[in-house]
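# Observations on chain architecture
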Amino acid sequence: MTEHLTIVNHPLVQHKLTLMRDKETPSAVFRRVLREISYLLAYEVTRDLPMTTKQIETPLKAIDAPILAGKKLALVSILRAGNGLLDGVLDLIPSARVGFVGLYRDEETLTPVQYYFKVPDALDQRQVVVVDPMLATGNSSVAAIDLLKKAGAKNIRFLCLLAAPEGVARMKQAHPDVPIVTASVDECLNDHGYIVPGLGDAGDRIYGTK
Ligand code: URA
């Protein structure tokens, strides 16, 4: 993946995103549409994965048929909203290994603090896809990727549903080697760090909390 930022403009993605932005959309529908949109975004983020071939026999002929090369992908969810995106990506890539990064914001320093970190082995040999629906300030994404790089990850991609220009810029400055795939780059962040127009708090909308 050569582009730092890929915006998935596919009509189905944009239509589903509109359903998710609508504040009248209930959690059950929000979750289902997030799952559907995850398939389409996963398709884009895996578009140029390295391939090899395997000898198989169809009922008619032996052929060298294409398969994914290398070790199984590692999907890493940034808790908790990341899990909403993870579920769909995992439907599409069921053999992927899965990791979780938990970060909370220290209200005094406003910096992310790690409270959970569990990732697959041999991260250095895997394509790692970090999932989090909202790339807002970029603070937690940058911190999560810092931790993954410390754990050995070398090939990382970042998959989100919505991004703010501020978050994209922050990621580009901190991790220029990490391509971002998103359905939209919105207008800006508000004073509370929410993406505008956005869709509100992704975790709350997925899990029906407030
Ligand atoms: N996290 C969210 O859930 N929503 C935003 O708009 C920004 C960060």
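It should be noted that the structure appears before, not after, this text.
Below is a summary of the structure that appears in this document. Please read all numbers here as calculations on a predicted model, not as lab measurements. For every chain, the first residue of its written sequence is number 1, and the numbers climb from 1 along that sequence. Thresholds applied to this predicted model are a pLDDT of at least 70 for local features of residues and 80 or more for the giving and counting of side-chain atom pairs; totals over whole chains, interfaces and linings are not thresholded and use all residues. Calculation of side-chain values draws on the structure's entire complement of heavy atoms; hydrogens and water are dropped beforehand.

## What to know about unusual backbone geometry
Across the junction of L79 and R80, the peptide omega takes the value -5°, indicating a cis bond. Within the fold, R80 resides in the loop between β4 (74-78) and α3 (82-92). Here V196 and P197 are connected by a cis peptide whose omega angle stands at 0°. Looking at the secondary structure, you find P197 in the loop between β14 (195-196) and α6 (202-207). Each helix is a run of DSSP H or I of at least 4 residues and each strand a run of E of at least 2, with the numbering of both proceeding from the N terminus.

## Observations concerning the site of the ligand
In this text, near means that some heavy atom of the residue lies within 4 Å of the molecule or strand in question. Close to the ligand lie M134, A136, G193, Y194, I195, G200, D201 and A202, which account for all nearby residues. Contact between the ligand and I195: an oxygen atom at 2.8 Å from a main-chain N or O atom of the residue. A202 is positioned with one of its backbone polar atoms (N or O) 2.7 Å from an oxygen atom of the ligand. In short, Shrake-Rupley with a 1.4 Å probe defines the accessible areas, and a residue's cover is counted only from the protein chains shown. Taking 240 Å² as the accessible area of the ligand by itself, protein coverage stands at 83%. Here the residues of the shell around the ligand sort into five nonpolar, two polar and one charged. Whenever a nitrogen or oxygen atom comes within 3.5 Å of another N or O atom, the pair is scored as a polar contact, on the condition that within protein one atom can donate a hydrogen and the other can accept it, and that pairs from neighbouring residues in sequence are kept only if both atoms are in side chains. Here the nonpolar group is Ala, Val, Leu, Ile, Met, Phe, Trp, Tyr, Cys and Pro; Asp, Glu, Lys and Arg are the charged ones; every other residue, Gly included, is treated as polar.

## Let's talk about the environment of D186
Following the sequence through the fold, D186 ends up in the loop between β12 (184-185) and β13 (188-189). Any two residues having at least one pair of non-hydrogen atoms within 4.5 Å are treated as being in contact. Residue contacts for D186: discarding those within four places in its chain leaves R21, L162, A163, P165, I195, V196, P197 and G198. In terms of polar contacts, D186 uses its side chain to reach the side chain of R21, at 2.7 Å. Within the structure, the side chain of D186 is placed 2.9 Å from the backbone nitrogen of G198, a separation counted as a polar contact.

## A few points about the sheet that holds strand β9 (residues 155-159)
With respect to topology, seven strands assemble into an open sheet ordered β1-β11-β9-β7-β4-β5-β6, the strand pairing being mixed. With one partner strand each, in any of the chains shown, β1 (5-7) and β6 (112-118) form the two edges of the open sheet. Adjacent strand axes in the sheet meet at a mean angle of 20° when their direction is disregarded. As judged from the two bridges shared by β9 and strand β11 (residues 180-182), these two strands associate in the parallel manner. Bridge pairing in β11 places L159 opposite V181. Relative to the sheet, α3 contacts β4, β5 (97-105), β7 (127-131) and β9, its axis offset from that of β4 by approximately 155°. When DSSP locates at least two bridges between a pair of strands, those strands are taken to pair. Geometry is summarised by axes, namely lines fitted to C-alpha atoms with helices restricted to the contacting stretch, and by angles between N-to-C directions that run from 0 to 180 degrees.

## Quick notes on the packing of helix α4 (residues 139-150) against helix α5 (residues 165-174)
With their axes 9 Å apart at the nearest point, α4 and α5 run at an angle of 25° to one another. Classed by the angle they form, the pair α4 and α5 counts as roughly parallel. Like other packed secondary-structure pairs, α4 and α5 cross with a definite hand, here right-handed. Facing α4, whose interface residues are N139, S141, V142 and I145, α5 presents R170, M171 and A174. Class assignment of the residues belonging to the contact of α4 with α5 gives a composition of four nonpolar, two polar and one charged. When an angle is under 35 degrees it counts as roughly parallel; over 145 it counts as roughly antiparallel; between 65 and 115 it counts as roughly perpendicular; any other value is oblique. Left-handed describes a crossing in which the near helix is turned anticlockwise from the far one by less than a right angle; the clockwise case is right-handed.

## Quick word on α5
The rule is simple: take the accessible area with a 1.4 Å probe, protein chains only, and divide by the maximum for that residue type; under 20% is buried, over 50% is exposed, in between is partly exposed. Considered for burial, the residues of α5 that qualify are G167, V168 and M171. Along the axis of α5, the buried residues cluster in a sector spanning 100°; they form a single face. Throughout, the arc means that of the directions going from the helix axis to the C-beta atoms.

## What about the pairing of β4?
For β4, the tally of buried residues reaches five of five residues, placing the bulk of the element in the interior. The alternating pattern of β4 places A74, V76 and I78 on one face and L75 and S77 on the opposite face, and all of these are buried. Bridge count between β4 and β7: four bridges; the pairing is parallel. Pairing of A74 across the sheet is with V128, part of β7.

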